Amino acid sequence: MNNRKHITLLGDSIFDNDKYVRKDCEVSKILSWILEENNISAENTLSALDGACIENVYVQNVPLETTDIFLSISGNDLLRYYYEIFNYEYKEIKNPNYVPNLHKKIKFKIGNKLDQYYNFSEKYLYKLKTKTLKSEEEIAILVKKMCIEVNDKYDKLLSYLTLLGIRVVVCDIYFAWMKDEKERELIKKVIKEVNKIIKANCEKYNVEFLEISSILKEEKDFSHEIEPSEVGGFKLAKLIKDRI
């Protein structure tokens, strides 16, 4: 009988963070090393994709040999509304470090206005430029709309994943380390609401909930404000190891 575990990582850049750390220091590589160091018979497949939203998980590969799915998703869904809350606009600039085909292309959408490639190897980059913060009333409307949308999408996704007959562990969203304190506090409040939704859906479908936000909470845990750093990636990989 083969008792070897096969972990599949689904979701976004929380797992697919290779662009934001040194070579071989991404979450999936650290996880492989930790499993080996602890003599745990397991391997992992990285199917998560930087830039993915909830609806993108359905097309992420789940190998037949998968025994455990770890899911981290909805951060980019939240970012769509975050950009609207802070009235961000995009400004096209030339990429001075352009190298053809350096990175994979990730297609994503912000609100209903933009559908572009987010790719550090593109000839042109799209730099965020802040305008003005929306009013409290407008923010409340956007947050309510976001919660309804995320709840509906998460409900459908967990309904689908549980049909696979594979153990599923769902991560909450950690609190991004924005440099601007006002942004950091506002986004923290919004993330708390989304985490309530994630946890409620996990309870509904009897799916395990992994609270990574209680571990990844220091500035050193993050790269580019919102991505797991090497330190954060190690903490995350250890959490996954402890749940296997």
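All values derive from a computational prediction rather than experimental measurement.

On the surface, Tyr-58, Val-59, Tyr-160 and Leu-164 cluster together into a nonpolar patch covering about 360 Å² of accessible area. Positionally, Val-59 belongs in the loop between strand S2 (42-46) and strand S3 (68-72). Relative accessible area serves as the criterion here: at 73%, Val-59 is assigned to the exposed category.

Turning next to the packing of aromatic side chains. The final tally for this structure, using the stated rule, is 3 aromatic pairs. For the ring pair Tyr-174 and Phe-222, a centre distance of 4.9 Å and an interplane angle of 70 degrees mean the geometry is edge-to-face. Remark: Phe-222 occurs in strand S10 (residues 222-223) and Tyr-174 occurs in the loop between strand S8 (167-171) and helix H4 (181-204); sequence separation between them is 48 residues. Over the ring of Trp-177 we find Arg-184, and its NZ or CZ is 4.9 Å from the ring centre. Sitting over the face of the ring of Phe-175, Lys-188 holds its NZ or CZ atom 5.4 Å from the ring centroid.

Below, the discussion takes up the pairing of S3. Looking along a regular strand, one sees the side chains alternate between the two faces of the sheet. With 5 of its 5 residues buried, S3 lies for the most part within the structure. Summarising the sheet, strand S1 (residues 5-11) and S3 pair through 5 bridges and their orientation is parallel. What sits directly across from Leu-10, in S3, is Leu-71.

A separate point is the packing of helix H2 (residues 75-85) against helix H3 (residues 136-162). As a packed pair, H2 and H3 sit with axes 10 Å apart at the nearest point and diverge in direction by 170 degrees. Classed by the angle they form, the pair H2 and H3 counts as roughly antiparallel. Note that H2 runs across H3; the crossing there is right-handed. Counted together, Asp-77, Leu-78, Arg-80, Tyr-81, Glu-84 and Ile-85 of H2 and Ile-139, Leu-142, Val-143, Lys-145, Met-146, Glu-149, Val-150 and Lys-153 of H3 form the full contact between these two elements.

Next up on the list: the pairing of S1. Counting buried positions along S1 gives 6 out of 7 residues, so the element sits mostly inside the fold. For S1 and S2, the ladder comprises 5 bridges, and the chain directions are parallel. In the strand pairing of S2, Thr-8 is matched with Thr-45. Crossover handedness for the path S1 to helix H1 (residues 27-37) to S2: right-handed.

Scoring rules and cut-offs
- Residues numbered from 1 in each chain as written.
- Predicted model: local features only at pLDDT ≥ 70, side-chain atom pairs only at ≥ 80, totals over all residues.
- Heavy atoms only, no water.
- Patch = residues over 30% accessible without salt bridge, like charges linked within 9 Å, V, L, I, M, F, W, Y side chains within 5 Å.
- Areas by Shrake-Rupley, 256 points an atom, 1.4 Å probe, with all protein chains shown as cover.
- Salt bridge = Lys/Arg side-chain N within 4 Å of Asp/Glu carboxyl O.
- Helix = DSSP H or I, 4+ residues; strand = E, 2+ residues; numbered from the N terminus.
- Buried < 20%, exposed > 50% of the residue type's maximum accessible area, 1.4 Å probe, protein only.
- Phe/Tyr/Trp six-rings, centres within 6.5 Å; stacked < 30°, edge-to-face > 60°.
- Lys NZ or Arg CZ within 6 Å of the ring centre and 35° of its normal.
- Pairing = 2+ DSSP bridges.
- Axes fitted to C-alpha atoms, helices over the stretch in contact; angles between N-to-C directions.
- Parallel < 35°, antiparallel > 145°, perpendicular 65-115°, else oblique.
- Left-handed = near helix turned anticlockwise from the far one by under 90°.
- Contact = heavy atoms within 4.5 Å.
- Right-handed = clockwise from strand over helix to strand, strands pointing away.

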